[in-house]
Amino acid sequence: MSFSSLGLSDALMRAVSDTGYTTPTPIQQQAIPAVLNGGDLLAGAQTGTGKTAGFTLPLLHRLSTDAIGSKLTSNNSPRAIRALILTPTRELAAQVEESVRTYGKYTKLNSAVIFGGVGINPQIKQLKHGVDILVATPGRLLDHMEQGTVDLSKIEILVLDEADRMLDMGFIRDIRKVLAKLPPKRQNLLFSATFSDEIKALADGLLNNPAMIEVARRNATSDVIAQKIHPVDRDKKHPMLAHLIKSNNWSQVLVFTRTKHGANKLVEQLEKDGIGAMAIHGNKSQSARTKALSEFKDNKLQVLVATDIAARGIDIDQLPHVVNYDLPNVPEDYVHRIGRTGRAGATGEAVSLVCVDEHDMLKDIEKLIKQTLPRDVIPGFEPDPTARPQPIQLRSGGPGHRNGGNRGGGAGGGGGARKPGSGNGGGNKPRSAGGNGGGAPRGNGGGNAPRAAAQHRSGGRGR
Ligand code: AMP
């Protein structure tokens, strides 16, 4: 199937063609016609499936070509917000809005993104100026609603992206307050990777006779990726990584750390070893990220250190080496991370440096991928058998609260520690809470693995 058979406007087709994508992903093949139809949609899809373009493209098509699109030309009065996309984190909000810009660049539609942790005044100014498509995190959107600086009365399309994570992060009340202010006649699209009872209840109340689509979860790891665990002491990870890179002559190594601080620190250490490295994460400017990424792609930069969220946009084929410097606290992220190597039939290698603090995480990952990963102890780096686990700091700052306040806390907020041996995802909630319900759309069980409290992964409420 090609994009041209989906019925998207020329302006959108040109933008797609600029990105270089030739074939719609499975979620795009299903979601695009469903959204173009004008009905509600319940979609089971996780990050990495191409879901963003799956809703962005048809949304842009509808707004730019429908009869209502003629509103665009009405001069003088500022544009009314016609589509609202809610996301759980500011990183995702920024990323989605970037997609709206990318795909909408040949349309006359404009967009804005609003999230917490940054000044509200520039956002107020932008909203006043007129916006067609608004991407927002729920908390900051509510702030604008309370101040009367956003008008949602003309919304035609609502998208809840990563709805499960929004609920995990305690946004349900905020979402309901937002829903109450939207005009009743509108198109609703709900995207979620998992389907708990809470999500089903939200969908039941929100969606009107929705089309239901689901794409396979990507929990199976590819056979062409050689996966290995290197047991190591907590404080020997950096020398071990330097040793691996140097002794194997690795180039183009993508390294994952759990926190932004960890990423920065590792870059400094590698630089001291004479290994060229740069970090990409939420605190880096877009230009810094772009620079790091393009140097890495061009093989000018040996090591790129990334956090999970920042790594989402990385789309490099045949990446030879992925290193989990820290294991991810959400087991599914392991699959996402290593999926960046061994693409398109090429072989790749994914190694994980695992210390005693991470044994529970490793167990969760092996359960998810239904494999026991081979352990390879590197001579000179044998771990101390008497070492005791310590709690893992899941973010750089102080202790976090799941639902408490944290207004203005953006990517750096939320968090806390994961206690070794607790079996919980850290934070204040059992791991099973949130995403572990059965029954995806079409009654498919979904096979959802337990999720850690989501704010740890994304680093806080997007307020
Ligand atoms: P998402 O699931 O929306 O976060 O997208 C995951 C990644 O897939 C992004 O890096 C997109 O740029 C990329 N992508 C989206 N659509 C396509 C496509 N049709 N072909 C190849 N890559 C795509």
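In what follows, the accompanying structure is described. (Residues numbered from 1 in each chain as written. Predicted model: local features only at pLDDT ≥ 70, side-chain atom pairs only at ≥ 80, totals over all residues. Heavy atoms only, no water.)

### Some thoughts on the site of the ligand
The cut-off we apply is this: In this text, near means that some heavy atom of the residue lies within 4 Å of the molecule or strand in question. Any N or O atom pair separated by 3.5 Å or less is treated as a polar contact, with the protein-specific requirement of one donor-capable and one acceptor-capable atom, and with residues adjacent in sequence counted only for side-chain atom pairs. To be clear on the numbers: accessible area is Shrake-Rupley with a 1.4 Å probe, and residue cover counts the displayed protein chains and nothing else. Three categories are distinguished: nonpolar for Ala, Val, Leu, Ile, Met, Phe, Trp, Tyr, Cys and Pro, charged for Asp, Glu, Lys and Arg, and polar for the others, with Gly belonging to the last.
Taken together, 13 residues form the shell around the ligand, and within it Y21, Q28, G48, G50 and T52 come nearest. Taking T49, its main chain carries an N or O atom lying 3.0 Å from an oxygen atom of the ligand. Interatomic distance of 2.6 Å between a side-chain N/O atom of T52 and an oxygen atom of the ligand. Across the complex, the protein chains shield 78% of the 500 Å² of accessible surface that the ligand would expose by itself. Looking at the shell around the ligand residue by residue, the class counts come to three nonpolar, eight polar and two charged.

### Regarding the nonpolar core
As a reminder, the rule being used: For our purposes a nonpolar core is just a set of buried Ala, Val, Leu, Ile, Met, Phe, Trp, Tyr and Cys residues, chained together by side-chain atoms within 4.5 Å. Type-normalised accessible area, obtained with a 1.4 Å probe on protein chains alone, sets the label of each residue: buried when under 20%, exposed when over 50%, and partly exposed for intermediate values. Here a strand is any run of E in DSSP of at least two residues, a helix any run of H or I of at least four, and the numbering for each starts at the N terminus. Should any heavy atoms of two residues lie within 4.5 Å, those residues are counted as being in contact.
Counting 37 residues, the largest nonpolar core has L41, L57, L59, I85, I133, V159 and L189 as the members making the most contacts within it. The element best represented in this core is helix α3 (residues 51-65), accounting for six residues. Setting aside chain neighbours within four positions, we find I85 in contact with F55, L59, V96, V100, I133, L134, V135, A136 and V159. If you look at the next biggest cluster of nonpolar residues, it comprises 35 residues, including L42, M145, A163 and L190.

### Structural notes on the side chain of S352
Note on placement: S352 falls in strand β13 (residues 348-354). Owing to a relative accessible area of 0%, S352 belongs among the buried residues under this scheme. Once residues lying within four places of it in the same chain are set aside, the contact partners of S352 are K228, I229, H230, N324, L327 and Y334.

### Side note on the pairing of strand β12 (residues 321-324)
Rules: The rule for pairing is simple: two strands pair if DSSP sees at least two bridges between them.
Here β12 shows two buried faces, one formed by H321 and V323 and the other by V322 and N324. When strand β9 (residues 253-256) meets β12, the two strands line up parallel, connected through four bridges. What sits directly across from V253, in β12, is H321. Pairing of β12 with β13 involves four bridges; the strand directions are parallel. Across the sheet, the residue bridging to H321 is E349, located in β13.

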